[in-house]
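Commentary on secondary and tertiary structure
For reference, the chains in residue letters:
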Amino acid sequence: PIIYPRWYSDIFCFIFERLIRVCIPLLLLSELISLRPCFTSVRFILFLLDQNGVKRSNKGLKNPLVLFFYPKDDTPGCTIEVCGFRDKYDLFKVLGAQVWGVSNGSTSSHLAFANKNKLQYPLLCDTNDSLRKTFKVPKVLGFMDGRVTYVIDRKGTVRHIFRDLLNGPEHIKEAIRVLKEIQNQ
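Source: prediction; values computed, not measured.

Looking now at the overall build of the protein chain. Counting its regular elements, the protein chain contains six helices and nine strands. By residue count, 43% of the 185 residues in the protein chain fall in the buried class. A separation of at least 24 residues holds for 66% of the contacts in the protein chain among residues at least 6 apart in sequence.

As structure tokens, then:
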């Protein structure tokens, strides 16, 4: 057997550690952040219960819709995101848009989450992930539900898709920017 000096293993560990610190975040960023739409037009009819047990449907909507998917009720990142939509809700109304949040939580979980954070918009219960699958919302690293916002115009065309698991507040800014563009057309 060949015996290497101790500093060989120190160099190997140093290089390996640096590769991990650089490559893993880059891999995650490429998976987590994407500003390119997956598709631009989708015709869908949704029928899901919201936190109050009201059956919601996009059928017959005459206003733009901001449909945002978030991973789970009462987690720090999701709370920041839903409260961001809450804080800008009046601006969304001025822009003529409706805001709906979607996750796979139950009506009771959504109701507690909405009441705790004083949300004035519906949280849809996608308990079997049917809407998430329709919109092809990706799972991050194969197991964690993604955070994606869709801006849908009056005709039902997806005008913008924004994916970023780690930056919930950016979803609100992007949605407002796109709604202003739609309004100016």
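On to the packing of aromatic side chains. Two descriptors summarise a pair of aromatic rings, namely the distance from one centre to the other and the angle between the planes of the rings. A full pass over the atoms with the stated rule returns nine aromatic pairs. Taking 4.2 Å as the distance between ring centres and 10 degrees as the angle between the ring planes, the aromatic pair formed by Phe68 and Phe85 counts as stacked. Taken together, the residues Phe68 in strand 3 (residues 65-69) and Phe85 in helix 2 (residues 76-87) connect sequence positions 17 residues apart. Neither residue differs from the other here; Phe68 and Phe85 are each classed as buried. Members of the aromatic cluster, joined through ring pairs, are Phe68, Tyr70, Phe85, Tyr89, Phe92, Phe113 and Tyr121.

The subject of this paragraph is the nonpolar core. By size, the foremost hydrophobic cluster in this structure holds 24 residues, and its most contacted members are Val66, Phe85, Phe92, Val99 and Tyr121. Listed by contribution, the elements that provide at least two residues to this core are strand 3, helix 2, helix 3 (89-94), helix 4 (107-117) and helix 6 (168-183). Counting residues per element, this core draws most heavily on helix 6, at six residues. Ignoring sequence-local partners within four residues, the contact set of Phe92 consists of Val66, Phe85, Ala97, Val99, Ile172, Ala175, Ile176 and Leu179. Ranked by size, the runner-up nonpolar core spans 16 residues in total, among them Trp100, Leu131, Phe135 and Tyr150.

With their axes 7 Å apart at the nearest point, helix 2 and helix 6 run at an angle of 30 degrees to one another. When the interaxial angle is binned, helix 2 and helix 6 end up roughly parallel. Handedness of the helix 2/helix 6 crossing: right-handed. Contacts between helix 2 and helix 6 involve Ile80, Glu81, Gly84 and Phe85 on the former and, on the latter, Gly168, Pro169, His171, Ile172 and Ala175.

A word on the side chain of Asp164. Structurally, Asp164 can be placed in the loop between strand 9 (158-163) and helix 6. Nearest to the buried, unbridged Asp164 among oppositely charged side chains is Arg147, at 6.6 Å. Engagement of the side chain of Asp164 in a polar contact is seen with the backbone nitrogen of Leu166, the distance being 3.1 Å.

Judged by pairing direction, the sheet is mixed, and its five strands sit side by side in the order 5-4-3-8-9 without closing on themselves. Two strands close off the open sheet at either side, each with one partner strand: strand 5 (123-125) and strand 9. Strand-to-strand twist of the sheet, defined as the mean angle between neighbouring strand axes without regard to direction, takes the value 20 degrees. Looking at chain direction, strand 4 (residues 98-103) and strand 5 are connected through three bridges and run parallel. Across the sheet, residue Ser103 finds its bridge partner in strand 5, namely Cys125. This element, helix 4, spans strand 4 and strand 5 of the sheet and lies at about 165 degrees to strand 5.

We now examine the confidence of the model for the protein chain. Confidence along the protein chain averages 82 in pLDDT terms, with 76% of residues attaining 70 or more. Contacts from residues 26-39, a stretch scored under 50 in pLDDT, to residues over four places away or in other chains number 26 contacts.

Let us now look at unusual backbone geometry. Unusually for a residue other than glycine, Asp74 sits at a positive phi of about 60 degrees. Note that Asp74 resides in the loop between strand 3 and helix 2. Under the relative-accessibility criterion, Asp74 is labelled partly exposed at 43%. Here the phi dihedral of Lys136 falls at roughly 55 degrees; this positive angle occurs in a residue that is not glycine. Mapped onto the elements, Lys136 comes out in the loop between helix 5 (130-134) and strand 6 (139-140).

About the criteria used
Residue positions are counted from 1 within each chain, in the order its sequence is given. The predicted nature of this model means local features are confined to residues of pLDDT at least 70 and side-chain atom pairs, given and counted, to a pLDDT of 80 or more, with totals for whole chains, interfaces and linings taken over all residues. Processing note: side-chain calculations cover all non-hydrogen atoms of the structure and skip hydrogens and water entirely. Helix and strand labels come from DSSP, where a helix needs a run of H or I of at least four residues and a strand needs a run of E of at least two; each type is numbered from the N terminus. Here the term buried applies to any residue with accessible area under 20% of the maximum for its type, exposed to any over 50%, and partly exposed to those in between, with areas from a 1.4 Å probe on protein chains only. In this analysis, two residues are considered to be in contact whenever any of their non-hydrogen atoms come within 4.5 Å of each other. Ring pairs shown here join Phe, Tyr and Trp side chains whose ring centres sit within 6.5 Å, with only the six-membered ring taken for Trp; geometry is labelled stacked below 30 degrees between planes, edge-to-face above 60, and tilted in between. Buried Ala, Val, Leu, Ile, Met, Phe, Trp, Tyr and Cys residues form a nonpolar core when they are joined through side-chain atoms within 4.5 Å. Only C-alpha atoms enter the line fits that serve as axes; for helices the fit covers just the stretch in contact. Angles between N-to-C directions range over 0 to 180 degrees. In these notes the angle categories are as follows: under 35 degrees is roughly parallel, over 145 is roughly antiparallel, 65 to 115 is roughly perpendicular, and the rest is oblique. For any helix crossing, the convention is left-handed if the near helix is rotated counterclockwise from the far helix by under a right angle, and right-handed if that rotation is clockwise. A residue counts as positive if it is Lys or Arg and as negative if it is Asp or Glu; His and the chain ends are not included. Any Lys or Arg side-chain nitrogen located within 4 Å of an Asp or Glu carboxyl oxygen qualifies as a salt bridge. Pairs of N or O atoms within 3.5 Å make up the polar contacts considered here, provided that, within protein, one atom can donate a hydrogen while the other can accept it, and that residues adjacent in sequence are counted only when both atoms are side-chain atoms. One bridge is not enough; two strands pair if DSSP finds at least two bridges between them. What pLDDT reports is the predictor's confidence in each residue, on a scale of 0 through 100.

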